[in-house]
Amino acid sequence: MAKDVIIACDFSSKEQTLAFLDRFTGRKPFVKIGMELYYAEGPEIVREIKKRGHRIFLDLKLHDIPNTVRKTMQVLSRLDVDMTNVHAAGTVDMMRAAVEGLTREDGTRPLLIAVTQLTSTSEERMQRELLIGASIEATIAKYAENAKEAGLDGVVCSPLEAQLVKTACGAEFMTVTPGIRFADASKDDQVRITTPARAREIGSDYIVVGRPVTAADNPVAAYERCCKEFLNE
Ligand code: C5P
């Protein structure tokens, strides 16, 4: 399976984003467009970044009733992104509706993955605030099984849970893992984190890296360090 480093372009304007991407000469990183940038700039920013030759993970984490998710995915399918996602907490029915909506008339569709539990959520908070009594591992394994049952390609989870997901759903089921930090850096608001090198050892397929690259003094060097550690380049 393809392995790659995805940069989370969590910026609030097109200008900032394109200026950031302009720093990468010669190499076209896989880019994640999340809610902040998409809500600021709309579908045009997706078209612009695609036109520049980047692959795109559109991270809008849909979570609504199945009919709304189906129809929204139909609209998103026209944007020609490479990967997009929903929250597994929306249930198997909602995830099935997402697959249906995203599938184009010719049968093709972008990769579709489900968020299990956000990497900023601790087991203690999940149990105390969300009243989910199971362990975080059991919850993630079950959400991943639900995503597989609904026909999705994989899940977003912490790299610490990548092996658990592979055991529950098989080696071909994709793990896309945010919550990446260099060994010598701050955790920010993330909780269930690890380094790019450890994520490779545990079996992540794609790592998603935001602030360690976007807030670095030298983002290109930070991105290359991620690739070196994760892809062993
Ligand atoms: O800056 P940082 O590396 O923490 O960014 C991680 C990115 O991955 C953010 O864009 C965040 O929205 C996203 N994400 C996450 N945990 C998930 C799903 C997505 O951190 N479970």
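The coordinates are above.
What this report covers is the structure whose coordinates are included nearby. (Residues numbered from 1 in each chain as written. Predicted model: local features only at pLDDT ≥ 70, side-chain atom pairs only at ≥ 80, totals over all residues. Heavy atoms only, no water.)

1. Brief notes about helix α4 (residues 66–77)
Between the first and last C-alpha of α4 there are 16 Å, a value that for twelve residues agrees with the 16 Å anticipated at 1.5 Å per step. Within α4 the residues assigned to the buried category are Val 69, Met 73, Leu 76 and Ser 77. Taken end-on, α4 shows its buried residues confined to a sector of 95°, consistent with a single buried face. The inward-facing, buried residues of α4 abut α2 (35–41), β3 (56–62), β4 (83–87), α5 (91–102) and β5 (111–115). (Helix = DSSP H or I, 4+ residues; strand = E, 2+ residues; numbered from the N terminus. Expected span 1.5 Å × (residues − 1). Buried < 20%, exposed > 50% of the residue type's maximum accessible area, 1.4 Å probe, protein only. Arc of directions from axis to C-beta. Contact = heavy atoms within 4.5 Å.)

2. Things to note about the pairing of strand β8 (residues 206–209)
Burial of β8 is two-sided: the residues Tyr 206 and Val 208 facing one way and the residues Ile 207 and Val 209 facing the other way are all buried. One ladder, built from four bridges, connects strand β1 (residues 4–8) with β8; its direction is parallel. What sits directly across from Val 5, in β8, is Ile 207. Pairing between strand β7 (residues 174–177) and β8: two bridges, direction parallel. Each residue of the ladder has a partner; that of Val 176, found in β8, is Tyr 206. (Pairing = 2+ DSSP bridges.)

3. Overview of the packing of helix α1 (residues 14–22) against helix α3 (residues 43–51)
Two elements in contact, α1 and α3, have axes whose closest approach is 11 Å; the angle formed by their N-to-C orientations is 15°. Here α1 is positioned roughly parallel relative to α3, judged by the angle of their axes. Crossing angle aside, the handedness with which α1 passes α3 is right-handed. Contact with α1, carried on its side by Lys 14, Thr 17, Leu 18 and Leu 21, involves Ile 45, Glu 48 and Ile 49 of α3 and no other residues of that element. Here the contact of α1 with α3 is built from residues that sort into four nonpolar, one polar and two charged. (Axes fitted to C-alpha atoms, helices over the stretch in contact; angles between N-to-C directions. Parallel < 35°, antiparallel > 145°, perpendicular 65-115°, else oblique. Left-handed = near helix turned anticlockwise from the far one by under 90°. Nonpolar A, V, L, I, M, F, W, Y, C, P; charged D, E, K, R; others polar.)

4. Notes on the environment of Asp 10
By the element assignment, Asp 10 lies in the loop between β1 and α1. For Asp 10, a relative accessible area of 40% translates into the label partly exposed. Asp 10 sits 78 residues away from Ala 88 along the chain, and the two C-alpha atoms are 22 Å apart. Filtering out sequence-adjacent residues up to four positions away, Asp 10 remains in contact with Lys 32 and Glu 36.

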